[in-house]
Structure formats: C-alpha cells, structure tokens
Amino acid sequence: MRNSSLILVVLLLLTVFGCTRQRPSRDTAIHLNPNMDDQEKYQAQGSSAFFEDGAAMRLPIEGTVARGSLKENSIYYTGLDANDDYVEQIPLPLTRALIERGRDRFDIFCSPCHGRTGYADGIVVKKGLLPPPSFHEEDIVEMEVGYYFEVISDGIRNMPPYKYQIRVEDRWAIISYLRVLQRSQNATTNDLPESLR
C-alpha cells in the first residue's frame, strides 16, 4: 500500500512539473524519421541534372488536359458557335431559378456601374466614373447573348474582365436576367397575353 502511494505521488509530481514549464525548450525536437522534414525536392524554376534540358519543371504532356478543365461545350464556355459568331440563345434551360440567380449576381457585380435597372445610373457613375451605355439603347438590346458573354468575360473599354470572379453559369444567369430586364423596360401591351390586356 505504501509503495503504491509513493509511486502515485511521484507520478503526480512528474506530471505537474512536466506540464508547467515556464519557457519552450531550446533543444531541437526529436525526429524519428528526419527525411520527412528535409526531403529532396525541386524548387520552381530550379535546375535538374536528371533531365536532358537541365530544367526541373516539366511541361504537361502534349494533348493532356487537367482534371476538371476539359471544356467540351465551346458555346457554353465562349458564347461563340462553330463559325466564331456570337450565339443568339442562352445555352442553358431558361428557368425562374436561373433568372433569380442572374438578378442576384447582376445586383452584386453589374449594378454599381449599370444601375439596378440597367440605365447606366449606378452609384459609381454618380461618383464620377464615365457612364457605360444603357442596356436599353436599341443597338445594345439587339446584340446577341454571346456578345454579352464575351464582354462580361473579357471586359470592354473601362469595364474590367469578370471571368475570374463570376462562374460561367452565373455569367449566363446574368445575361438571362438582363434580357428579362430589357424586355420589362421596353414591353408594350402587345407583349401581354390576350387575357391580360
């Protein structure tokens, strides 16, 4: 009984003193497998005696595509058809959810300059930026949706490119909302169904 009490006290003292060190140790850490910390590797733009050209960085094998980077549907990713003409139809099913998503993205990315209704009266324009064209001008309304996609992606004049900030599907959603916005601002009673006139 006495031996077990003595062992318990010693263990308790070791635990207390082991956990209450006032400063970190200056000793190097113990590494059971040090080659995991100091393994040989090539740095970017480094040289290598292994390869004939002496460069450590290798070019991708010709004809390969990184996983998730294959863009088979060129219309969806470029807004251009096989003849490099702008497409006239949005390559996604036109749904209420797509239009609502487009409105959300439009309000975030486009309305600061173009205004919420597309008349180029956004807050940035009111602060002195050169106003963009109104989305309701006749020549802008007549543009193909592929043109809008290209402008959103690559920018134009003082508008920056948004291809790095807005996903492809969201760009098409913005365009779908823009078409609805244009239609709403230029609608006539002839556009209504007969029962609603």
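The structure under discussion appears in the preceding block.
Residues numbered from 1 in each chain as written. Predicted model: local features only at pLDDT ≥ 70, side-chain atom pairs only at ≥ 80, totals over all residues. Heavy atoms only, no water.

Participant: Can you walk me through the overall build of the protein chain in this structure?
Facilitator: Scanning the protein chain for helices and strands turns up seven helices and zero strands. If you list the helices and strands of the protein chain from N to C, you get α-α-α-α-α-α-α. Buried positions account for 25% of the 197 residues belonging to the protein chain. Long-range pairs, those at least 24 residues apart, make up 46% of the contacts in the protein chain between residues at least 6 apart in sequence. Only carbon and sulfur atoms are counted for the fraction: they give 55% of the accessible area of the protein chain, which is about 15600 Å². Of the side-chain charges in the protein chain, 22 are positive and 27 negative, and the distance between the mean point of each set is 14 Å. (Helix = DSSP H or I, 4+ residues; strand = E, 2+ residues; numbered from the N terminus. Buried < 20%, exposed > 50% of the residue type's maximum accessible area, 1.4 Å probe, protein only. Contact = heavy atoms within 4.5 Å. Areas by Shrake-Rupley, 256 points an atom, 1.4 Å probe, with all protein chains shown as cover. Lys, Arg positive; Asp, Glu negative; His and termini not counted. Charge placed at Lys NZ, Arg CZ, Asp CG, Glu CD.)

Participant: Would you mind going over the packing of helix α6 (residues 145-154) against helix α7 (residues 168-185) with me for this structure?
Facilitator: Relative orientation and spacing of two packed helices are given, respectively, by the angle between their axes and the distance between those axes. Between α6 and α7, the shortest axis-to-axis distance is 10 Å and the interhelical angle comes to 125 degrees. Classified by the interaxial angle, the pair formed by α6 and α7 is oblique. You can see that α6 and α7 cross each other, and the crossing is right-handed. Across from V145, Y148, F149, I152 and S153 in α6, the residues of α7 making contact are V168, R171, W172, I174, I175, L178, R179 and Q182. (Axes fitted to C-alpha atoms, helices over the stretch in contact; angles between N-to-C directions. Parallel < 35°, antiparallel > 145°, perpendicular 65-115°, else oblique. Left-handed = near helix turned anticlockwise from the far one by under 90°.)

Participant: Teacher, can you tell me more about a negative patch on the surface here?
Facilitator: On the surface, a cluster of negative charge is made up of E137, E138, D139 and E142. If you trace the backbone, E137 turns up in the loop between α4 (123-126) and α5 (138-141). (Patch = residues over 30% accessible without salt bridge, like charges linked within 9 Å, V, L, I, M, F, W, Y side chains within 5 Å. Salt bridge = Lys/Arg side-chain N within 4 Å of Asp/Glu carboxyl O.)

Participant: Is there a simple way to think about the packing of aromatic side chains in this case?
Facilitator: For any pair of aromatic rings, the description consists of the separation of the ring centres together with the inter-plane angle of the planes. Using the criterion set out here, one finds eight aromatic pairs in the structure. Seen in terms of ring centroids, F50 and F51 are 5.0 Å apart; in terms of plane orientation they differ by 90 degrees. Their pairing is edge-to-face. A cation sits over an aromatic face here: R58 above F51, 4.0 Å from the ring centre. (Phe/Tyr/Trp six-rings, centres within 6.5 Å; stacked < 30°, edge-to-face > 60°. Lys NZ or Arg CZ within 6 Å of the ring centre and 35° of its normal.)

Participant: How should I be thinking about the environment of N186 in this particular structure?
Facilitator: With respect to the helices and strands, the residue N186 is situated in the segment after α7. What makes N186 partly exposed here is its relative accessible area of 40%. Placed 45 residues apart in sequence, N186 and V141 show a C-alpha to C-alpha distance of 9.6 Å. The contacts of N186, once residues within four sequence positions are left out, are H136, V141 and D191.

Participant: Even after reading the chapter, I still don't get the nonpolar core, so can you show me in this structure?
Facilitator: The nonpolar side chains of a soluble globular protein tend to be buried with one another. Among the nonpolar cores identified, the biggest contains 23 residues, and F106, V145, Y148, I152, W172, I174 and I175 are the most heavily contacted of them. For this core, the secondary-structure elements that each account for two or more residues are α3 (96-114), α6 and α7. Looking at this core, the element that brings in the most residues is α7, giving seven residues. Ignoring anything within four residues of it in the chain, the contact list for Y148 reads I140, V141, M143, I175, L178, R179 and Q182. (Core = buried A, V, L, I, M, F, W, Y, C linked by side-chain atoms within 4.5 Å.)

Participant: Looking at this model, I keep getting lost on unusual backbone geometry. Mind explaining?
Facilitator: One can expect most non-glycine residues to show negative phi and most peptide bonds to be in trans. A positive phi is found at Q45, a non-glycine position, where the angle reads about 65 degrees. Within the fold, Q45 resides in the loop between α1 (2-19) and α2 (74-78). Assessed through its relative accessible area of 70%, Q45 is described here as exposed. With a phi angle near 60 degrees, A120 is a residue other than glycine that sits in the positive phi range. Judged by relative accessible area, A120 falls into the buried class, the value being 11%.

Participant: When you look at α6 in this model, what are you seeing that I'm missing?
Facilitator: The periodicity of an α-helix, 3.6 residues per turn, causes residues three or four places apart in sequence to face the same way. In terms of residue burial, α6 counts as a mostly covered element, since eight of its ten residues are buried. Listed as buried for α6 are V145, G146, Y147, Y148, F149, V151, I152 and S153. The secondary structure elements touched by the buried residues of α6 are α2, α5 and α7. Of the residues flanking the end of α6, it is G155, one or two places downstream, whose phi is positive at about 80 degrees.

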